[in-house]
Amino acid sequence: MPTDSQNPEISVSDLLLYINCPRRVYFVSRGYELLPEINASRLERMLLKELSLNYSEIVKKCSLNADNLYKELEAALDQAYKDLPLMFPGEFARTEKGALEEGDARARAKIPEIAANLLRGLEEYGKDSMLAALTPIKTEPIISSARLNLKGVPSKIVCFEGVNVPSIIKPGNCPVQGVWASDRMHAVSLALLLEAESEKEVPFAFVEYVSFGLLRKVTIRTSDRREVLKICRRVEKIKAGFMPEKTEEKFCKECTFSEHCVSNSSLLSKFF
Ligand code: SF4
């Protein structure tokens, strides 16, 4: 929604849009819709996210046995497939059956790898440690800070080694080591918010790569904090009306805003 305020309120999702392409922040803040439909790939991600919210329950009741783990994951995915249309009725009403079936098949194909990696994690770190990192003490809480002029929703807050930290669920690809730069920014922005709310330092966060059943710990560095604060100030400026240069080409092909998005010089030529 357009705003004339000098400091429009910003959210962590704005920061993520900015990292993809600063112009997306501009369009979304002016009411353009980013994800108009549920296709197979989006449904796959939604299913895997719902599945991952069950990992802690599954790990709790399973003995360390690949067969048990596999069956429990399949049952949880079946349940997620039934529940999602109840959670997003409007969007699912507009979705074709073929896309639903393809998304389900894609998510199901990930189960063997998820089971194998969860099992490996359990063997490497121990059940107690894995459970602490996976079990939410809060799921999708809204946290905000007037000082940061920022709000956000971590997938979970978990209590690990006595500290409450944010955990984010990512259904996409997983790097060989560590986390993607954009996921680091996502985790750090939520750690900053949690710090502001709890008034306690949050030294790390978790990223769950749910398509793979892998959990990665992110140490929060000063340089990360600086980068998040810098992005916040830039996003504020865009939401206040500044149109950034069109520089990002990587995402343009599949971008829902491509027909509205012309270079700044072309835009000016329309008026002068
Ligand atoms: S079309 Fe390209 S430059 Fe324009 S908003 Fe989309 S990704 Fe950004």
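Remember, predicted model here, so these are calculated numbers, not experimental data.

> What exactly am I supposed to notice about the sheet that holds strand 3 (residues 143-145) here?
The pairing of strands in a sheet comes from backbone hydrogen bonds and takes either a parallel or an antiparallel form. Read across the open sheet, the three strands follow the order 1-4-3; overall the sheet is mixed. Only two strands of the sheet have a single partner each, and these edge strands are strand 1 (10-11) and strand 3. Two strands pair when backbone bridges link them, and strand 3 and strand 4 (residues 150-152) are joined in this way by three bridges, in the antiparallel orientation. Counterpart to serine 144 in the pairing with strand 4 is lysine 151. Across the sheet, helix 10 (residues 181-198) is in contact with strand 3 and strand 4; its angle to strand 3 comes to roughly 75 degrees.

> For this particular structure, what's the right way to read the sheet that holds strand 8 (residues 214-219)?
The strand order across the open sheet built from five strands is 2-5-6-7-8, with neighbouring strands paired in mixed fashion. Either end of the sheet is taken by a strand with one partner, and the two such strands are strand 2 (136-139) and strand 8. For this sheet, the mean inter-axis angle between neighbouring strands, taken without regard to orientation, is 30 degrees. Sheet analysis places strand 2 next to strand 5 (residues 156-160), joined by three bridges and oriented antiparallel. Note that in strand 5 the partner of lysine 138 across the bridge is isoleucine 157.

> Honestly, helix 8 (residues 111-125) in this entry has me stumped. Any pointers?
The α-helix advances 3.6 residues per turn, and as a result positions three or four apart in sequence lie on the same side. Under the 1.5 Å per step criterion, the end-to-end length of helix 8 is 21 Å for 15 residues, consistent within 8% with the ideal 21 Å. Those residues of helix 8 not exposed but buried are Ile111, Ile114, Ala115, Asn117, Leu118, Leu119, Gly121 and Leu122. Contact partners of the buried residues in helix 8: helix 3 (40-52), helix 4 (55-61), helix 5 (66-87), helix 7 (97-109), helix 9 (127-134) and strand 8. Downstream of helix 8 by a residue or two, glycine 126 has a phi angle that is positive, lying close to 90 degrees.

> I would appreciate a short explanation of helix 7 in the present structure.
For helix 7, spanning 13 residues, the distance from its first C-alpha to its last is 18 Å, which sits close to the expected 18 Å at 1.5 Å a residue. Buried residues of helix 7: Ala99, Leu100, Gly103, Asp104 and Ala107, and no others. Down the axis of helix 7, the buried side of the element spans an arc of 130 degrees, and every buried residue falls inside it. Away from the buried face of helix 7 by more than 90 degrees, exposed residues Lys97 and Ala109 are located. Buried residues along helix 7 sit in contact with helix 3, helix 5, helix 6 (89-93) and helix 8.

> Just to check I follow, could you spell out the site of the ligand for this structure?
As a matter of local geometry, the ligand sits amid eleven residues, with Cys21, Lys246, Cys252, Cys255 and Cys261 nearest to it. The residue makeup of the shell around the ligand, split by class, is six nonpolar, one polar and four charged.

> I keep staring at the pairing of strand 5 and nothing clicks. Help me out?
Each regular strand shows side chains that alternate between the opposite faces of the sheet. In terms of burial, strand 5 is a largely internal element, four of the five residues being buried. In the sheet, strand 5 pairs with strand 6 (residues 163-170) via five bridges, with the strands oriented antiparallel. Paired with cysteine 159 across the two strands is asparagine 164, which belongs to strand 6. Counting the residues that bridge the hairpin from strand 5 to strand 6 gives two residues, and of these glutamate 161 lies at a positive phi of roughly 50 degrees.

> How should the environment of arginine 45 be read in this particular structure?
Within the element layout of this structure, arginine 45 appears in helix 3. It is 8.9 Å that separates the C-alpha atoms of arginine 45 and valine 210, two residues lying 165 residues apart in sequence.

> Honestly, the side chain of aspartate 104 in this entry has me stumped. Any pointers?
By the element assignment, aspartate 104 lies in helix 7. What makes aspartate 104 buried here is its relative accessible area of 14%.

> Is there a simple way to explain the side chain of aspartate 183 in this structure?
Mapped onto the fold, aspartate 183 is located in helix 10. By relative accessible area, which is 5% here, aspartate 183 ends up buried. Other than its neighbours up to four places away in sequence, aspartate 183 contacts Ile168, Lys170, Val207 and Tyr209.

> In this structure, what is going on with the pattern of salt bridges? I would like to understand it.
Opposite charge on two side chains allows them to pair when their charged atoms are near. Enumeration according to the criterion identifies 17 salt bridges in this entry. Put simply, lysine 239 and aspartate 14 hold a salt bridge, and the shortest N to O gap is 2.8 Å. Taken together, the positions of lysine 239 in helix 11 (residues 222-239) and aspartate 14 in helix 1 (residues 12-20) put the pair 225 residues apart, joining distant regions of the chain. Measuring nitrogen to oxygen at the nearest pair gives 3.6 Å for the salt bridge that ties lysine 170 to aspartate 183. With a gap of 13 residues between them, lysine 170 in strand 6 and aspartate 183 in helix 10 connect regions that are remote in the sequence. Each member of the pair, lysine 170 together with aspartate 183, is buried.

How each quantity is defined
Every chain is numbered independently, its residues counted from 1 as its sequence is written. Reporting in this predicted model follows two pLDDT cut-offs: at least 70 for local features of residues, and 80 or more for side-chain atom pairs to be given and counted; totals over whole chains, interfaces and linings ignore these cut-offs and use all residues. Values shown for side chains rest on all heavy atoms present in the structure; no hydrogens or waters enter the calculation. For two strands to be treated as a pair, DSSP must find at least two bridges joining them. Counting from the N terminus, the helices are the DSSP runs of H or I reaching at least four residues and the strands are the DSSP runs of E reaching at least two. We call two residues contacting when some pair of their heavy atoms lies within 4.5 Å. Every axis corresponds to a line fitted to the C-alpha atoms, with the helix fit spanning only the stretch in contact, and the corresponding angles, defined between N-to-C directions, vary from 0 to 180 degrees. To estimate how far a helix should extend, the number of its residues minus one is multiplied by 1.5 Å. When a residue's accessible area, from a 1.4 Å probe over protein chains only, is under 20% of the maximum for its type it is buried; when over 50% it is exposed; and in between it is partly exposed. Along the arc lie the directions from the helix axis toward the C-beta atoms. One heavy atom within 4 Å of a molecule or strand is enough for the residue carrying it to be called near that molecule or strand. Charged residues are taken to be Asp, Glu, Lys and Arg, nonpolar residues to be Ala, Val, Leu, Ile, Met, Phe, Trp, Tyr, Cys and Pro, and polar residues to be all remaining types, Gly included. By convention in these notes, a salt bridge is any Lys or Arg side-chain nitrogen within 4 Å of a carboxyl oxygen on Asp or Glu.

Geometric values such as these leave the question of function open.
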